[in-house]
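Understanding the architecture of this molecule
Listed below are the residues making up each chain.
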Amino acid sequence: MARVVKVFRTLRNNWKKSTFAVCVLSYGGYWLNGKHSDSLLRREACLLAREFGRQQIAPHERLRKATVILNPAACGGKANNLFEKNAAPILHLAGVEVTIVKTDYEGQAKKLMELAEQTDMLIVAGGDGTLQEVVTGLLRRPDQDTICQTPIGFIPLGSRNSLSPSLHLLSDNKVKDITSATLSILKGETVPLDVLQIKGETEQPVFALMGLRWGAFRDVATKISKYWYLGPLKTNAAHLLSTLHEWPLVREVSVSYLDPNLRPPDLSPQKPQRPSLLYRIFLRLKHRWSPPVVEPPKVEEPEEWKEEQLSTLELFVQTNNKNPVQRRINDSMMIYAEPDNLTVSEYITVGNKKDQDPTVFTKESTKLEASACRLQLPEGTAGFYNIDNEEYEAMPVEISLLPRKLRFFISAERREQLLAQMQ
């Protein structure tokens, strides 16, 4: 008992050192527990991948080939280490022949994809910027119709991964997100995604999977990180200070658009059975004796462009890839324009929500559905667009929808969750 009293007396007399030691030990225990949990996640994923690698293949079959476009600069330069520790072992254990291509500078992924050879699957390991460059490089190719049949996997290694919520179940653990995304590639379940083709007056087209954003909220979002020293108040501070420099932050834009197109029925993945020989002979004789009447070609009516003059705080042109499994009547893009009559307090409140999710819109926002649109900005307008979170100079552009252009790997769990949300 005397020893216990002595220990407590020592701790009381040296309370500063004791407090510091408790904090260090607590943090060390938390850190070690996190490392242990990550190791268990990797082990579990590797065991699942090994089952794929043990599957037998026929003598005439070959190993599946995967080309990985890896951006080592993603996630503050940690992407290469994250990929090598969490994704690469899973792919190798599954018996996939992996070719890793690392990018050295911004824009290189576009050039690499314009020269890439045919592969069984294409894996993008990076963030929004890497994915946008790969998609743009693919769709600029002359043989895009053939190369776009290649399924694409996305491993979220960047600081911003806007497409991940549409394809994977996300968590607060980076290792779990990476391993689950890699396993979904091995399972092979895919979903078609729409693509936006964005073309300026002179430059080559750029392609986007999520959308184009332009306006005051976008501009403030690029400055929030500058106020890091304000902690949780940095978002409010950034929006409040923007109103002190200029108010109202209204943008004028002319939007011309075409009505959406009806979505054709999905084709069955199974080929129809070939008719019997007797039936085919019967059809040939029937067409010979009574040839079908050839109808004159229909004269296509010119497309009717509608025009809207919008005054808005922010314009967002987006695809419907947020829920790619949703059954839709039309092939269309959505155009949202936030109202221009928000008060300062409402502006700050909406800005906080958009900082968490830019695709959240107010009830008063203008909503248009279109198959194509043209954005005409007033002369002398300066600023930038965000195209899949990548910055481009604002200019008049024409945006076209390429419905179900690319196929991406999706986890079965996320597909079921998205279907359940629709019910």
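For the structure itself, look to the data block above.
The sections below set out a description of the structure shown in this document. (Residues numbered from 1 in each chain as written. Predicted model: local features only at pLDDT ≥ 70, side-chain atom pairs only at ≥ 80, totals over all residues. Heavy atoms only, no water.)

Points about the nonpolar core
Applicable threshold: Think of a nonpolar core as a cluster: buried Ala, Val, Leu, Ile, Met, Phe, Trp, Tyr and Cys residues, connected wherever their side-chain atoms sit within 4.5 Å. Throughout this description, buried means an accessible area under 20% of the type-specific maximum (1.4 Å probe, protein chains only), exposed means over 50%, and partly exposed covers the range between. Put simply, DSSP H or I for four residues or longer makes a helix, DSSP E for two residues or longer makes a strand, and each gets a number counted from the N terminus. In this analysis, two residues are considered to be in contact whenever any of their non-hydrogen atoms come within 4.5 Å of each other.
Counting residues in hydrophobic clusters, the biggest one holds 28 residues, and the most contacted among them are L163, L209, L406 and F408. Counting residues per element, the ones that place at least two in this core are α5 (108-115), β3 (121-126), α6 (128-139), β4 (152-156), β5 (190-199) and β18 (397-409). Broken down by element, the residue count for this core peaks at 5 residues, all from α6. Among all residues touching F408, those that are not within four sequence positions of it are L131, I152, L163, L167, E189, T190, V191, L193 and L209. Formed by 27 residues, the second largest nonpolar core is a distinct cluster that contains L212, L310, L368 and I387.

Notes on the sheet that holds strand β16 (residues 384-387)
Which entries qualify depends on this criterion: When DSSP locates at least two bridges between a pair of strands, those strands are taken to pair. Axis angles are defined between N-to-C directions and span 0 to 180 degrees, where every axis is a line fitted to C-alpha atoms and, for a helix, only to the segment in contact.
The strand order across the open sheet formed by 6 strands is β14-β13-β11-β7-β16-β17, and the pairing between neighbours is antiparallel. Edge positions in the sheet fall to β14 (366-370) and β17 (390-393), since each of these pairs with one other strand and no more. With direction set aside, neighbouring strand axes in the sheet form an average angle of 20°. Two elements, strand β7 (residues 211-215) and β16, share 2 bridges in a ladder whose sense is antiparallel. Paired with R213 across the two strands is N386, which belongs to β16.

Considerations on the side chain of R414
Defined as follows: By the counting scheme adopted, Arg and Lys are positive, Glu and Asp are negative, and His together with the chain ends is not counted. Here, a salt bridge means any Lys or Arg side-chain nitrogen found within 4 Å of an Asp or Glu carboxyl oxygen.
With respect to the secondary-structure elements, R414 resides in helix α14 (residues 412-422). One buried charge, R414, has no salt-bridge partner; the nearest side chain with opposite charge is D357, at 9.6 Å. Non-local contacts of R414, meaning those with residues more than four positions away in its chain, are made with P165, S166, L167, H168, L169 and Q421.

Observations regarding the pairing of β16
Along a regular strand, successive side chains alternate from one face of the sheet to the other. Direction of pairing for β16 relative to β17: antiparallel, over a ladder of 4 bridges. Bridge pairing in β17 links Y385 to Y392. Hairpin connection from β16 to β17: 2 residues lie between these consecutive antiparallel strands, with D388 at a positive phi of about 50°.

Structural notes on the packing of aromatic side chains
The condition that has to hold: Two rings from Phe, Tyr or Trp (for Trp, the six-membered ring) form a pair when their centres sit within 6.5 Å of each other. Planes less than 30 degrees apart are called stacked, planes more than 60 degrees apart edge-to-face, and all others tilted. Two conditions define a charge located above a ring, namely a distance within 6 Å from the ring centre to NZ of Lys or CZ of Arg, and an angle within 35 degrees of the ring normal.
Scanning the entire structure with this criterion turns up 7 aromatic pairs. A centroid spacing of 4.9 Å and a plane angle of 25° characterise the contact between F217 and Y347, whose relative ring orientation is stacked. Residue F217 is found in helix α10 (residues 216-221), and its partner Y347 is found in helix α13 (residues 344-356); the two are separated by 130 residues along the sequence. With relative accessibility at 0%, the residue Y347 sits in the buried group. Both rings, one in Y227 and one in Y229, keep their centres 6.5 Å apart while their planes meet at 65°; by these two values the pair is edge-to-face. On the basis of relative accessibility, which here comes to 54%, the residue Y229 falls in the exposed class. Here R251 stacks its cationic end above the ring of W214, 5.8 Å away from the centre of that ring. A cation over an aromatic ring shows up here: K354 above the ring of F217, its NZ or CZ 5.7 Å from the ring centre.

Concerning the side chain of N321
Going by this rule: Polar contacts here mean pairs of N or O atoms no more than 3.5 Å apart (in protein, one a potential hydrogen donor and the other a potential acceptor; neighbouring residues in sequence count only if both atoms are side-chain atoms).
Tracing the backbone through its elements, the reader meets N321 in the loop between β11 (314-318) and β12 (330-331). Side-chain polar atoms of N321 contact the side chain of T319, separated by 3.2 Å. With residues up to four places along the chain from it excluded, the contact list for N321 reads S166, L193, D194, L209 and M210.

Let's talk about the pairing of β5
The buried fraction of β5 is high, at 7 of 10 residues. Of the strand pairs in this sheet, β5 and β18 are connected by 9 bridges, and their pairing is antiparallel. Across the sheet, residue I198 finds its bridge partner in β18, namely I399. Inspection of the sheet shows β5 paired to strand β6 (residues 206-208) by 3 bridges, in the antiparallel sense. Bridge pairing in β6 places L196 opposite A208. Between β5 and the antiparallel strand that follows it, β6, lie 6 residues.

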